[in-house]
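Coordinate inspection notes
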Amino acid sequence: AAPAELASGLTVAHPEAVQRSLPGTEGFLQAAEVELLLAELEEADALALGPGLGLHLATQDFVLDLLHAVARARPGMRVVVDADALTALAHADRSGGLRWEAFATLDLLLTPHPGEAARLLRSGDAQDVQRDRVAAWRALVERTGAVVLLKGAGTLTGTAQDAAPHQNPTGNPGMATAGAGDVLTGLLGALLARGMTAADAARLGAWLHGRAGDLAAAEGSPESLIAGDLLVTLPRAWRALGPPSSTLAS
């Protein structure tokens, strides 16, 4: 879903994508679009929110209003929140306008990189998160009540109920490139839409994303890797799990 004035460009770039045009204002979504999108979500199994949204103040209100509306209207909805939507939540939390318990009805997955994690924790910066990633992950799951996928070397996933986070073994430094995280958001949204829980989708999605990155780096180099390379190698990452029938069954 995107503002109507951007839809034609998206159609040219990605003709295979199913689109929903929303009115928007000067290319930004705002709170007035929430009811329109909520109607579209009646037939949806999952929501992926964040990449490409921008940080316009009206769009930040849109993020907060949409998540509250989905939590009320669609309890149990599987939702992955990334990128600009995470920043919107961090800003709302810092200003006192956010109660994480309002989203308790959602199967919520947050996917911050270290900088976004620091903003959500309202303390320190990315370097502080990197100094003790497990402690930062633990603070995030306890603060938000969500499944948290903390990106970085050895991506960490899990919930507040887990004794320790799961550390993902795949991936390489070349994946620290613009758009790679957005590929992960789309992948996670697809896994959620096929019925996986947020916790299971986080573990599988992190592994597949990292495996695709490793395959792309091996064919080229980590230094030259771009996000689009992951789309090329993702089918082979899937095949590494085994025959399609066993993958679907699991």
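The notes below deal with the structure included here. Values in this document were obtained by computation on a predicted structure and should not be read as measured data. (Residues numbered from 1 in each chain as written. Predicted model: local features only at pLDDT ≥ 70, side-chain atom pairs only at ≥ 80, totals over all residues. Heavy atoms only, no water.)

**Remarks on the side chain of N172**
As for its placement among the helices and strands, N172 is situated in the loop between β8 (166-167) and α8 (180-193). Assessed through its relative accessible area of 16%, N172 is described here as buried. A polar side-chain atom of N172 sits 2.9 Å from the main-chain amide nitrogen of G174. Excluding anything up to four places from it in sequence, N172 contacts G213, D214, A217, P222 and L225. (Helix = DSSP H or I, 4+ residues; strand = E, 2+ residues; numbered from the N terminus. Buried < 20%, exposed > 50% of the residue type's maximum accessible area, 1.4 Å probe, protein only. Polar contact = N/O pair within 3.5 Å; in protein donor to acceptor, adjacent residues only side chain to side chain. Contact = heavy atoms within 4.5 Å.)

**Quick notes on the environment of H113**
Within the secondary structure, H113 is located in the loop between β5 (107-110) and α5 (114-121). On the basis of relative accessible area, H113 is assigned to the partly exposed category, the value being 33%. Considering only alpha carbons, one finds H113 and S123, ten residues apart in sequence, at a separation of 15 Å. H113 has contacts with R119, L150 and K151, leaving out every residue within four places of it along the chain. Only 3.1 Å separates the side chain of H113 from the backbone nitrogen of G115, close enough to count as a polar contact.

**Structural notes on the side chain of H209**
With respect to the helices and strands, H209 occurs in helix α9 (residues 198-219). Taking the relative accessible area as the measure of exposure, H209 reaches 10% and is therefore buried.

**Some remarks on the pattern of salt bridges**
For the structure shown, the criterion picks out six salt bridges. Its salt-bridge partner being D82, residue K151 comes within 3.1 Å of it at the nearest N-O pair. Taken together, the residues span a long stretch of sequence, with K151 in the loop between β6 (147-150) and β7 (156-158) and D82 in the loop between β4 (78-81) and α4 (83-94) at a distance of 69 residues. Residue K151 is classed as buried on the basis of its relative accessible area of 14%. (Salt bridge = Lys/Arg side-chain N within 4 Å of Asp/Glu carboxyl O.)

**A word on the sheet that holds β4**
As summarised here, the arrangement of the six strands in space is β3-β4-β5-β6-β7-β8, forming an open sheet in which the pairing is mixed. The two strands at the open ends of the sheet, each matched to only one other strand, are β3 (46-49) and β8. By the bridge criterion, three bridges tie β6 to β7 in an arrangement that is antiparallel. Of the residues in β7, the one forming a bridge with L150 is L156. Packing against the sheet, helix α3 (residues 57-73) makes contact with β3 and β4, and its axis sits at approximately 165 degrees to β3. (Pairing = 2+ DSSP bridges. Axes fitted to C-alpha atoms, helices over the stretch in contact; angles between N-to-C directions.)

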